[in-house]
Amino acid sequence: MSLQLAHPPVTETPTAVPRSYTHKRVASEVLLSNWRRTGPDSYTVEAGWPGQHAFYETRLGVHDPMLLCETVRQTLPLLSHGAYEVPLGHHLLWRDFAWEVDAEALRSDGGAAGLDLRITCTDVKRRRARASALALHFEVVRGSTVLAVARTRFTIQDRNVYERLRGRYADMPGLRVVPLPSPASPERVGRSNFEDVVLSPTDSSTRWQLRVDRAHPVLFDHPVDHAPGMLLLEAARQAAQATAHPDASVVVGMSVVFARYAEFDTACWIESESLPDDLNGNRRVLVTGRQQDSDVFCAVVSVASVDGS
């Protein structure tokens, strides 16, 4: 069995990111390119955003801020497998995630955008040789500009423990799925296509049913036994955009706590509530996902007005 030093030597040599280390099946969806260690628990990861993406659309002249969420998400398995001895097949459980982005730095010139993610890992907990929990702190740089800052925590479970905890839900072929409800208006939730809408309207303008389309090529890139975290973040974004509609606006921050899994066999309800504006004058929206009278996640989403010209 191979053991890793608790504090490996610093290396300046960039290493290519294997697709398997991002937990993406489709190579074109991998946003990370190279990574290197810069200290005992610090790393730099190179990433790139495409000029155009089928799901993460450039809108109002800015790159989709959800690209930032997916970029951060891909670093979780990358560092788990590449730096902290976590075998492939283990499961990562998102605990919380907070980020803020500079809307001006999101501006798109129609081409690809290169990024450097400067990451520091703290609160590293281990089970034998491998990590069992991590906290990550990010500074995301585009050119000479800090585009975003973020922090997140997650835990790691081996396959046997995960399947024991999930019980019948670990049997993916046998999972029952609620029928896919009709989508909300794409324009109202800041999308262009009905296929990318993850909310279904109800008789309340602040309450929706989560649409879990397991055939979606990006949100369900590979089989999973619960609604993935990126789907829940997209639901929070769309609920906040619906609150800001019809103003031209973009989400510039989130603070999210994940409480439990969103299952496929029961409807998950997304509710929004307006909060006082922040000190920068950005609209704030509290978005909560609930299933069977229990919170699945809770997010405070910040939305800024933008000049889309």
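See the structure shown above.
Engineer: So, the overall build of the protein: which residues are in play, and what are the values?
Structural biologist: Regarding its fold elements, the protein presents three helices and 13 strands. Here the C-alpha radius of gyration of the protein, 19 Å, is about what a compact globule of 309 residues would show, namely 19 Å. Its C-alpha atoms put the protein at 60 × 50 × 35 Å along the principal axes. Taken over 309 residues, the protein has a buried fraction of 51%. The long-range share in the protein, meaning contacts at least 24 apart out of those at least 6 apart in sequence, stands at 66%. Accessible surface, the protein as shown: approximately 14000 Å² in total, 50% of it carbon and sulfur. A gap of 7 Å separates the mean positions of the 33 positive and 37 negative side-chain charges of the protein.

Engineer: Just give me the short version of the pattern of salt bridges, but keep the residues and values in it.
Structural biologist: By the definition in use, this model includes 15 salt bridges. Arg237 serves as the salt-bridge partner of Glu234, at 3.0 Å between the closest nitrogen and oxygen. Taken as a pair, Glu234 and Arg237 lie in helix H3 (residues 229–244) at a separation of three residues, close to a single helical turn. Summarising the burial analysis for this pair, Glu234 and Arg237 share the class buried. Within the structure, one salt-bridge network assembled from shared partners comprises Glu57, Asp64, Arg191, Asp196, Glu234 and Arg237.

Each value, and the rule that gives it
Residues numbered from 1 in each chain as written. Predicted model: local features only at pLDDT ≥ 70, side-chain atom pairs only at ≥ 80, totals over all residues. Heavy atoms only, no water. Helix = DSSP H or I, 4+ residues; strand = E, 2+ residues; numbered from the N terminus. Rg over C-alpha atoms; globule rule 2.2 N^0.38 Å. Buried < 20%, exposed > 50% of the residue type's maximum accessible area, 1.4 Å probe, protein only. Contact = heavy atoms within 4.5 Å. Areas by Shrake-Rupley, 256 points an atom, 1.4 Å probe, with all protein chains shown as cover. Lys, Arg positive; Asp, Glu negative; His and termini not counted. Charge placed at Lys NZ, Arg CZ, Asp CG, Glu CD. Salt bridge = Lys/Arg side-chain N within 4 Å of Asp/Glu carboxyl O.

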